Amino acid sequence: MVRGATLSDLDVAMQLFDHSRQIMRSNGNATQWANGYPQREIIIEDIRNGNFYCICDNDKVVGCFSFILGNDPTYDKIEKGEWIDDFTAYGTIHRLACAPGQHYIARQCIEWCQQQVDSLRADTHADNIIVQHILEQHNFRYCGIIHVADGTPRKAYQKLIYHDVPLELRNYIEQAILPMHDSFDLAHRREHILSVIDNCMQMSQYYSVDRSMTYTIAAYHD
């Protein structure tokens, strides 16, 4: 279950950040979340702004994340690439953390967030291979390099969500069909099929076509 966080969740959230920071360090990511980031003050502000959420197993908090709707100034400029869609209103996932021994926290976060918007964005450090893999496995597309507030670079990702296509169909294609492309040749892997889907769906807005059929044909075309 995902719920909005309160200040009473702050101490648990900081423990989750400490654990996630340890995971980063043990996997070769020595610089992300340095100097105690995210500090308590940042999370307090997120909570007060209604942007911080807890993932719960019954009453126990097992994960947390920030989800911010609206324009993120750090995404205004992107280098070595471009956003898939720079017009649709989007939400951004930040500061995702989990408790020890917990699995699928990222999936629960992403599934909840994509119910809220038509476009999701996220960024991560070049050394954070774990988060890069999570985003790619959840069908985010790498878009380019952005720079966060302290000037350091981050790899930026975006995912478009087609809510006019039935959820059951989208889930089936994302979970059963798209992963098949991971074993294809380099020119026809998941990044390729996602590009085809996004291009077809954007073009389909200008024609009298069945959008669910368009989505399915694009996903199956290889």
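What this report covers is the structure whose coordinates are included nearby. (Residues numbered from 1 in each chain as written. Predicted model: local features only at pLDDT ≥ 70, side-chain atom pairs only at ≥ 80, totals over all residues. Heavy atoms only, no water.)

Some thoughts on the packing of helix α5 (residues 167-177) against helix α7 (residues 211-220)
When two helices pack together, their arrangement is captured by the angle between the axes and the distance separating the axes.
Point 1. Orientation of α5 relative to α7, taken along the N-to-C sense of each, is 5°, at an axis distance of 11 Å. Taken as axis vectors, α5 and α7 run roughly parallel relative to one another. Here Leu169, Arg170, Tyr172, Ile173, Glu174 and Ile177 of α5 lie close against α7, whose contacting residues are Ser212, Tyr215, Thr216, Ala219 and Tyr220.
Point 2. When its residues are assigned to classes, the contact of α5 with α7 shows seven nonpolar, two polar and two charged. (Axes fitted to C-alpha atoms, helices over the stretch in contact; angles between N-to-C directions. Helix = DSSP H or I, 4+ residues; strand = E, 2+ residues; numbered from the N terminus. Parallel < 35°, antiparallel > 145°, perpendicular 65-115°, else oblique. Contact = heavy atoms within 4.5 Å. Nonpolar A, V, L, I, M, F, W, Y, C, P; charged D, E, K, R; others polar.)

As for the sheet that holds strand β2 (residues 52-57)
Point 1. Strand order in the open sheet made by the seven strands is β1-β2-β3-β4-β5-β7-β6, with mixed pairing throughout. Both outer strands of the open sheet, β1 (2-4) and β6 (141-147), are each paired with one neighbouring strand and no more. Mean inter-strand twist for the sheet, computed between neighbouring axes without regard to direction, equals 35°.
Point 2. By the bridge criterion, six bridges tie strand β3 (residues 60-69) to strand β4 (residues 91-98) in an arrangement that is antiparallel. Each residue of the ladder has a partner; that of Ile68, found in β4, is Thr92. (Pairing = 2+ DSSP bridges.)

Here we look at the nonpolar core
Point 1. Trp83, Tyr162, Leu178, Ile197 and Tyr215 are the most contacted members of the largest nonpolar core, which has 22 residues in total.
Point 2. Elements that contribute at least two residues to this core include exactly β6, β7 (153-160), α5, α6 (190-204) and α7.
Point 3. Those residues in contact with Trp83, other than ones at most four positions away along the chain, are Tyr75, Ile78, Arg121, Cys143, Ile146, Ala156, Tyr157 and Gln158.
Point 4. In terms of nonpolar packing, the next biggest core, distinct from the first, is built from 19 residues, Ile55, Val62, Ile110 and Ile161 among them. (Core = buried A, V, L, I, M, F, W, Y, C linked by side-chain atoms within 4.5 Å. Buried < 20%, exposed > 50% of the residue type's maximum accessible area, 1.4 Å probe, protein only.)

A few points about the packing of aromatic side chains
Point 1. Scanning the entire structure with this criterion turns up 11 aromatic pairs.
Point 2. Judged by centre distance (5.8 Å) and plane angle (80°), the rings of Phe67 and Trp112 are edge-to-face. Highlighted residues: Phe67 in strand β3 and Trp112 in helix α3 (residues 105-113), separated in sequence by 45 residues.
Point 3. Grouping aromatic residues by their ring pairs yields a cluster made of Phe17, Trp33, Tyr37 and Phe52.
Point 4. Above the face of the Trp83 ring, Arg121 is positioned so that its terminal group lies 3.9 Å from the ring centre.
Point 5. It is Arg121 that lies over the ring of Tyr90; its NZ or CZ is 3.8 Å from the centre. (Phe/Tyr/Trp six-rings, centres within 6.5 Å; stacked < 30°, edge-to-face > 60°. Lys NZ or Arg CZ within 6 Å of the ring centre and 35° of its normal.)

Description of the state of the cysteines
Point 1. Under the counting rule described, the total for this entry stands at zero disulfides.
Point 2. The structure places no disulfide on Cys56, whose sulfur is separated from the nearest cysteine sulfur, that of Cys54, by 5.5 Å.
Point 3. Of the residues examined, Cys56 reaches a relative accessible area of 6% and is grouped as buried.
Point 4. Distance from the sulfur of Cys200, which forms no disulfide, to the nearest cysteine sulfur (Cys143) is 18 Å. (Disulfide = S-S within 2.5 Å.)

Comments concerning the side chain of Asn128
Point 1. With respect to the helices and strands, Asn128 occurs in the loop between β5 (119-124) and α4 (129-137).
Point 2. Given a relative accessible area of 7%, Asn128 falls into the buried group.
Point 3. A polar contact of 3.0 Å, which involves the side chain of Asn128, links it to the side chain of Gln32.
Point 4. Apart from the residues lying within four places of it in its own chain, the contact partners of Asn128 are Met24, Asn29 and Gln32. (Polar contact = N/O pair within 3.5 Å; in protein donor to acceptor, adjacent residues only side chain to side chain.)

Points about the pairing of β4
Point 1. Taking burial as the measure, the eight residues of β4 include seven buried ones, the bulk of the element.
Point 2. Pairing analysis gives three bridges linking β4 to β5, with the strands arranged parallel. Directly across from Gly91, in β5, lies its bridge partner Leu120.
Point 3. One crossover worth recording links β4 to the parallel β5 by way of α3, and it is right-handed. (Right-handed = clockwise from strand over helix to strand, strands pointing away.)

Things to note about the packing of α6 against α7
Point 1. Where α6 meets α7, the axes come as close as 9 Å, and the angle between the chain directions of the two elements is 155°. Taken together, the axes of α6 and α7 lie roughly antiparallel to each other. In this structure, the crossing between α6 and α7 has a hand that is right-handed. Counted together, Ile193, Val196, Ile197, Cys200, Met201 and Ser204 of α6 and Arg211, Thr214, Tyr215, Ala218 and Ala219 of α7 form the full contact between these two elements.
Point 2. Within the contact of α6 with α7, the residues separate by chemical class into eight nonpolar, two polar and one charged. (Left-handed = near helix turned anticlockwise from the far one by under 90°.)

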